[in-house]
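What the coordinates show
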Amino acid sequence: MASDPTTRLQTLATAIHQHIQQTPDVRTGQKIDLPNITNTTYSPVLMGQQPRATQFIPTLLASPHAGAMAQVMALLAEVQSLLTWRQNPNYTVANVGQQFLDNFCHATLTSADGPLQGPTLPMGWFVLFGPHTLYKTHQHPPNEIYLAITAGGEWQLGTQDWQALNAGDALYIPSNTPHAIRTHAKPILTYSIWLEDADLADIEI
Ligand SMILES: [Fe+2]
C-alpha cells in the first residue's frame, strides 16, 4: 500500500466508483454513470468533535466482508486517519431527535473541501448508522447514489415498500425523491454520492 495520502484516498474512491459503475441500480436495473477519478489532490480536513456514532467503526471494520466490499473496507481502514467524521450541522434534537444524533455521522471522501479534491469529482461521503436507527424521510435537489458497504439497512423511496440492500448493492435516488433509511440490530456503513453540487443545508427534513 502506497503511503502518500492522495494515492491512498484516490485508490479508495476509485474502487468505490468502479464498483458502482459495474453495479446496476437495485431498484430499476439501470446502469449508474459516474465520472472516473483523475487528477486528484489531498487537502486535509480539520478534526472536530467525534460524533458518538463513531463508536461503531471498530465493529464495522472488524466484521467479515466479502468481494469488492472487503477491498473497500481494507482501503478504508488505511485512510481512517485522513477522514473526519461529523454530524450534519443542520441536524438538531428538534428536527431529528437525540437518538438519531447519537447514531448517525458522515465523513467526506470527495468534495471541494477535501480530503480528496478533483475537477470531475461529485461530492461523496461515508455515512454510518447505528443499530435501531431511523433516518426519517427527507429530500434534496441532487440525484443521489447510495452504496451499501455492509448489509442490514433498508431504504424507502416515497411510499414504496422498504427495500433491504445487501453489501455491494447500489441504489439510485432521483432528484427530490423523498427517502428514508432504517437499520435493525446491526450498525451499517454506506457511501453516498450527490451527482450535482449542493449544500447539506439543501436537505429538507
Ligand atoms: Fe439523501
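Criteria and thresholds
- Residues numbered from 1 in each chain as written.
- Predicted model: local features only at pLDDT ≥ 70, side-chain atom pairs only at ≥ 80, totals over all residues.
- Heavy atoms only, no water.
- Helix = DSSP H or I, 4+ residues; strand = E, 2+ residues; numbered from the N terminus.
- Rg over C-alpha atoms; globule rule 2.2 N^0.38 Å.
- Buried < 20%, exposed > 50% of the residue type's maximum accessible area, 1.4 Å probe, protein only.
- Areas by Shrake-Rupley, 256 points an atom, 1.4 Å probe, with all protein chains shown as cover.
- Salt bridge = Lys/Arg side-chain N within 4 Å of Asp/Glu carboxyl O.
- Donors = N, O, S within 2.8 Å, 3.2 Å for Na, K, Ca; no water.

Across its full length, the protein chain holds four helices and 12 strands. A compact globule built from 205 residues would reach a C-alpha radius of gyration of about 17 Å, and the protein chain, at 16 Å, matches this within 12%. Overall, the C-alpha framework of the protein chain stretches about 45 × 40 × 35 Å when taken along its three principal axes. Burial analysis of the protein chain (205 residues in total) assigns 50% to the buried set. Surface accessibility of the protein chain: about 9,200 Å² in total, with carbon and sulfur atoms responsible for 51%.

Applying the stated criterion across every chain yields a total of three salt bridges. Residues Lys31 and Asp33 are paired through a salt bridge, measuring 3.3 Å at the closest nitrogen-oxygen approach. Judged on exposure class, the residue Lys31 and its partner Asp33 are both exposed. The closest approach of N and O atoms between Arg182 and Glu154, which form a salt bridge, is 2.6 Å. Of the two residues, Arg182 sits in strand β11 (residues 179-183) while Glu154 sits in strand β8 (residues 153-157), which places them 28 residues apart along the sequence.

What follows covers the coordination of the iron ion. His140 (NE2), Glu144 (OE) and His179 (NE2) make up the full set of protein donors to the iron ion, lying at 2.0 to 2.2 Å. Counting the intervening residues between successive donors of the iron ion yields the motif H-x3-E-x34-H. Here Glu144, found in strand β7 (residues 144-148), pairs with His179, found in strand β11; they are 35 residues apart in sequence, far enough to count as distant.

Bear in mind that shape data such as this cannot, by itself, settle questions of function.
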